[in-house]
Amino acid sequence: ALWCLMMSVTPTRGCLLDLPWEDILVPHILCHLPLQQLLSLQRVSKSFQSLIQLYLANMRCFDSSQIGPAIPRAAFVNLLKDNEVLQQLALQNCSDWLTDRELLPVIGQNHHLHRIQLKGCAQLSRHALVAISLSCPNLRQLSLAHCEWVDSLSLRSLADHCKVLEAVDLTACRQLKDEAICYLVQKCSRLKSLSLAVNANVGDVAVEETAKCCPELEHLDLTGCLRVKNDSIRVLAEYCPKLRSLKVKHCHNVAESSLSILRSRGVELDVEPPLQRALVLLQDVVGFAPFINLQI
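Residues numbered from 1 in each chain as written. Predicted model: local features only at pLDDT ≥ 70, side-chain atom pairs only at ≥ 80, totals over all residues. Heavy atoms only, no water.

This part takes up the side chain of D151. Mapping D151 onto the fold places it in the loop between strand 4 (141-143) and helix 8 (152-161). Among the residues examined, D151 registers a relative accessible area of 14% and is labelled buried. When sequence neighbours within four positions are dropped, the list of residues in contact with D151 reads R126, Q175 and L176. (Helix = DSSP H or I, 4+ residues; strand = E, 2+ residues; numbered from the N terminus. Buried < 20%, exposed > 50% of the residue type's maximum accessible area, 1.4 Å probe, protein only. Contact = heavy atoms within 4.5 Å.)

Laid out in C-alpha cells, this is it:
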C-alpha cells in the first residue's frame, strides 16, 4: 500500500493526491496504513507531508507500539501537537522518556479520550492522573499497571470525575490501600474489570466493597494480594453474579472452601482444585500419571 501511494507522486492522470483529502484519503485510505509507514511517507514530498500532518491532527487512536520503543520524545510531541480528537492513547512502551511535560499537553487538549494505556510509565507523577481525571470525563478504560506514583489523592480525583469507568488496572500500584480502592468502587459502580494484583496493602475490606458496589463486575485480579482471605471471596460470590474470571494465585489465605462456590458457577479461576493440583504434583515427581481407584 505504501509503494502504491509513493508511486502516485509521479504526475499521471488521476493522481492520488487529487482525491479529496479530508473526505477520502484521511478517513478511507490512510487509516489502513501502519503509523510507521505514514511517518515514512512524509518524506516523499511536501504534499505528502501536508497530507500526513492533516491525518495526524485527525487521528482517533495513537499507539506508540506501532512506531517502536525508540520513538524520540520530540517526535511524540510533534506528532500529537495539533490533535484534539484522540479517543485512544497507548503509551505503554514510553517509560524511558515520558514525563508529565510531554503527556499533560496531550491530555489537556483531548477531552474525548475513552481509553488510556500508561502501563509501566514510571517517570510520570500524580499530576498526570489528576490531569486525566479533569480532562477525560468519558474515560472508560485506564491502565496504570506498575505506576507506583499513583496515590490515594490522585485516585480520588479519578473517581470523582470519571464516573463511567469500566476497566481499571492498578497492578503494583503499591501506595494504594483499602481506603483508596473503596472510594474508587463507590464512585465508579460500572466497573467490569479491575486489577489490584501485586499489592500487599489490599485486603478483604477493598474486595468486599468492590463486590457490593460493582454488580457488573466480570473480571477481578487479586494475584499476590496476601491480605485477601476466604470471607471476601464469599462476599464476591454473593454480590457479583456476572463474575467470569478471578485470579487469586499466591493469595495464600484463600482456600478451596470459598473458591468452590465460584467454581461451581463456571467462573474461570487461575488455581486448580486441590485434588488436581496434587495429581499434577505427583505426576511431576514420579514421572507418570498415577492410577487412582475413585470407588475407594
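What follows picks up the thread again.
With that settled, the discussion passes to unusual backbone geometry. It is generally the case that most residues other than glycine have a negative phi and that most peptide bonds are trans. The phi angle at H146 is positive, at roughly 60°, despite the residue not being glycine. Relative to the helices and strands, H146 resides in the loop between strand 4 and helix 8. The phi torsion at A172 lies on the positive side, around 60°, for a residue other than glycine. Among the structural elements, A172 can be located in the loop between strand 5 (167-169) and helix 9 (178-187). Classification of A172 by relative accessible area gives buried; the value is 0%.

Here the structure, examined in full by the defined rule, presents 2 aromatic pairs. Both rings, one in F76 and one in W97, keep their centres 5.4 Å apart while their planes meet at 55°; by these two values the pair is tilted. Of this pair, F76 sits in helix 5 (residues 73-80) while W97 is found in the loop between strand 2 (88-90) and helix 6 (100-108), placing the two residues 21 residues apart along the sequence. Like W97, F76 is buried. Ring-pair connections join several aromatic residues into one group, and the members of that group are F62, F76 and W97. The cationic tip of R156 hangs over the ring face of Y183; the distance from NZ or CZ to the ring centre is 3.8 Å. (Phe/Tyr/Trp six-rings, centres within 6.5 Å; stacked < 30°, edge-to-face > 60°. Lys NZ or Arg CZ within 6 Å of the ring centre and 35° of its normal.)

Moving on: the confidence of the model for the chain. Looking at the chain as a whole, its pLDDT mean stands at 86, while 82% of the residues score no less than 70. Counted against residues more than four places away or in other chains, residues 5-13, with its pLDDT under 50, gives 13 contacts. In the predicted structure, residues 291-296 sits below a pLDDT of 50 and forms 1 contact with residues beyond four places in sequence or in another chain. (pLDDT = per-residue confidence, 0-100.)

What follows is about the nonpolar core. Within the largest apolar cluster, 87 residues are counted, with the highest numbers of intra-cluster contacts made by F62, L222 and L246. Two domains share this core, each providing at least three of its residues, namely domain 1 (20-58) and domain 2 (60-284). L222 has contacts with L196, A197, V207, V228, I233, L246, K247, V248 and C251, leaving out every residue within four places of it along the chain. (Core = buried A, V, L, I, M, F, W, Y, C linked by side-chain atoms within 4.5 Å. Domains from an automatic or database assignment.)

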